[in-house]
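# Commentary on secondary and tertiary structure
Listed below, chain by chain, are the residues.
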Amino acid sequence: MSLGGRESLFPRGMRRRWWLFRPIDALIALWPGPRQRRGVLVVRMDGIGDMVMARAALGHYPAAFGVPPEEITLLGCHSWRSLVADAFPGFRVVTLDEHAFEKKWLYRLRLAWWVRRQGFAVAVCDMFMRKTLTADSLVWASRAPHRIVALPFITERTRAEYEWYLARATRVIETGPYPTHEGLRHFAFLSALTGRTLAAERIRLPWPARPPALAGDGGAPYVVLNFGSNEPGRRWPFAQFLAVARHCLDRGLRVVFVGAGQEAFARPAIAALNHPGAIDTIGRLSLPALVDLMRHAAAVVSNDTGPGPVALGVGAPTVVLVGGGHFGCFVPYPEAVSPPRARFLSVPMDCYHCLWRCPKRSGSDEAFPCVAAIPVTAVTDALDALA
């Protein structure tokens, strides 16, 4: 894929923000890079759940590129930086604020300049669902002699920008049509990279055995309910979570409600359960503490958001409530990569694969109908089988 000279300098179809950041590309291009190139840059500008799905494949990168782990720099997001020490031993990990990088001129310049000055020999991005102004621009900023990327998900709206950046990659690897699962894509990328077939592995996240206080206090086993999500549409209605909580309490299990500060609305309803086994930790746990809590739970019930894949990655029996926005691309997991104690619940609808542009809800704060339709009995039955 190549662009002519004028089209390369003045491409058509670009967003205003692309043009706003165009001078940064010019400044980085003029800045002299180190003469000696070494090391591998792996760009992962994605959320917590997507990071977990990529972790098993990352373990093969030292062999694939013939370098030790400490010569691989994983460029990731601040959202999961607190997990780095435990989840990526041996690798060099640098995180950034991906939202600031996509919006703030000086922040972007500083990070792009840092990437350029590292003198990487190889820059890699195997993400399928990604943003050009974050992932692709970071690969290009490296000016590594070898810039290897996966063919991304392209729409007519994004085609111009993707084509501009793909023309600057030294190799583009196709990892499968939409909606091939991310866990399979990562190993398809590796297989193409190494020239030999590597079977996809179960999704897993390395994590130390560090029991939380709840796991050793002599109390009953507990179930973790992760009822929040940054996207309101993916939130199974909280009233249904409460019904699941009552079922667990009636079974003699404790129930731990987890969430960030934005989930504080639930506190009065949790208190109204008036049960010593209903435990409110909303806004009180660090991300590593949440992982410890889930790793030792009898079961976890989660919306399709970061803590769900994390719970699965550390081996917790987990029920994930799945909508149809890009069904199969991230969840549910196919058998080849799914942990043994995973349950994915969904209600098929003819509008699946809407990419979360749902025409069936009346307000942006409502749950997507495909999520809300999951019956409480399906969740309690799955829990009874797991815990």
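A few points on the structure. (Residues numbered from 1 in each chain as written. Predicted model: local features only at pLDDT ≥ 70, side-chain atom pairs only at ≥ 80, totals over all residues. Heavy atoms only, no water.)

In this fold, Ser229 is placed in the loop between β7 (222–226) and α11 (238–250). Judged by its relative accessible area of 6%, Ser229 falls in the buried class. Here Ser229 is in contact with Arg234, Arg235, Gln262, Glu263 and Thr305, once residues within four sequence places are set aside. (Helix = DSSP H or I, 4+ residues; strand = E, 2+ residues; numbered from the N terminus. Buried < 20%, exposed > 50% of the residue type's maximum accessible area, 1.4 Å probe, protein only. Contact = heavy atoms within 4.5 Å.)

Throughout the structure, instances matching the rule amount to 19 aromatic pairs. Pairing Trp164 with Tyr165 gives two aromatic rings, centres 4.9 Å apart and planes at 80 degrees, and the pair type is edge-to-face. Neither residue differs from the other here; Trp164 and Tyr165 are each classed as buried. Centre to centre, the rings of Phe238 and Phe265 are 5.8 Å apart; their planes meet at 75 degrees, and the pair counts as edge-to-face. Of this pair, Phe238 sits in helix α11 while Phe265 is found in the loop between β8 (254–258) and α12 (267–272), placing the two residues 27 residues apart along the sequence. With relative accessibility at 51%, the residue Phe265 sits in the exposed group. (Phe/Tyr/Trp six-rings, centres within 6.5 Å; stacked < 30°, edge-to-face > 60°.)

With that out of the way, let us pick up the pairing of β8. A large share of β8 lies buried, amounting to five of its five residues. Alternating positions in β8 separate into two faces, Arg254, Val256 and Val258 on one and Val255 and Phe257 on the other, with burial throughout. Tracing the backbone out of β7, into α11 and back to the parallel element β8 gives a crossover that is right-handed. Handedness of the β8-α12-strand β9 (residues 278–280) crossover: right-handed. (Right-handed = clockwise from strand over helix to strand, strands pointing away.)

So, about the packing of α11 against helix α16 (residues 376–386). Contact geometry for α11 and α16: axes closest at 10 Å, N-to-C directions at 35 degrees. In the packing of α11 onto α16, the handedness of the crossing is right-handed. For the pair α11 and α16, the contacting residues are Gln240, Ala243, Val244, His247 and Cys248 in the first and Val376, Val379, Thr380, Leu383 and Asp384 in the second. Per-class residue counts for the contact of α11 with α16 are six nonpolar, three polar and one charged. (Axes fitted to C-alpha atoms, helices over the stretch in contact; angles between N-to-C directions. Left-handed = near helix turned anticlockwise from the far one by under 90°. Nonpolar A, V, L, I, M, F, W, Y, C, P; charged D, E, K, R; others polar.)

Right, let's talk about the sheet that holds β8 for a bit. Strands pair in a sheet through their backbones, by hydrogen bonds, and they do so in one of two ways: parallel or antiparallel. Strand order across the open sheet formed by six strands is β9-β8-β7-β10-β11-β12, with parallel pairing between neighbours. The sheet terminates laterally at β9 and β12 (342–345), the two strands that pair on one side only. Geometrically, the sheet is characterised by an average inter-axis angle of 15 degrees between neighbouring strands, direction not taken into account. Both β7 and strand β10 (residues 299–303) contribute to a ladder of four bridges, which runs parallel. Across the sheet, Val224 pairs through a bridge with Val300, a residue of β10. Sheet contacts for α11: β7, β8, β9, β10 and β11 (318–321); angle to β8, the most-contacted strand, approximately 155 degrees. Contacts from helix α13 (residues 287–295) reach β7, β8 and β10 within the one sheet, and its direction differs from that of β7 by about 135 degrees. (Pairing = 2+ DSSP bridges.)

One pass over the full model with this rule turns up 18 salt bridges. The closest approach of N and O atoms between Asp217 and Arg254, which form a salt bridge, is 2.9 Å. Separated by 37 residues along the polypeptide, Asp217 in the loop between α10 (182–194) and β7 and Arg254 in strand β8 bring together distant segments of the chain. Looking at Asp217, the relative accessible area reads 44%, which means it is partly exposed. A network of salt bridges, in which partner residues are shared, links Arg44, Asp46 and Asp126. (Salt bridge = Lys/Arg side-chain N within 4 Å of Asp/Glu carboxyl O.)

Attention now goes to α11. The α-helix winds at 3.6 residues per turn, so residues separated by three or four positions along the chain end up facing the same way. If you check α11, its first and last C-alpha atoms are 18 Å apart, about what 13 residues at 1.5 Å a residue would give, namely 18 Å. All of the buried residues in α11 are Phe238, Gln240, Phe241, Leu242, Val244, Ala245, Cys248 and Leu249. The first or second residue beyond α11 is Gly252, which carries a positive phi of 90 degrees. (Expected span 1.5 Å × (residues − 1).)

What follows concerns unusual backbone geometry. In this structure, the amide linkage connecting Tyr178 to the following residue, Pro179, adopts the cis form with an omega of 5 degrees. As for its placement among the helices and strands, Pro179 is situated in the loop between β6 (171–173) and α10. Cis peptide bonds are those with omega within 30 degrees of zero, and the linkage from Val331 to Pro332 qualifies with -5 degrees. Mapped onto the elements, Pro332 comes out in the loop between β11 and β12. Not every positive phi belongs to a glycine, and Arg143 is a case in point at roughly 50 degrees. Within the secondary structure, Arg143 sits in the loop between α8 (132–142) and β5 (146–150). Arg143 sits in the buried class, given a relative accessible area of 15%. Despite not being glycine, His353 shows a phi value in the positive range, around 70 degrees. Among the structural elements, His353 can be located in the loop between β12 and α15 (369–372).

Once that is clear, we can look at the sheet that holds β6. Spatially, the six strands line up as an open sheet ordered β3-β2-β1-β4-β5-β6, and their pairing is parallel. Every other strand in the sheet has two partners, leaving β3 (92–96) and β6 as the edge strands with one partner each. Each neighbouring strand pair of the sheet contributes to a mean axis angle of 20 degrees, computed without reference to strand direction. Sheet topology places strand β1 (residues 40–43) next to strand β2 (residues 72–77); four bridges connect them, and they run parallel. Across the sheet, the residue bridging to Leu41 is Thr73, located in β2.

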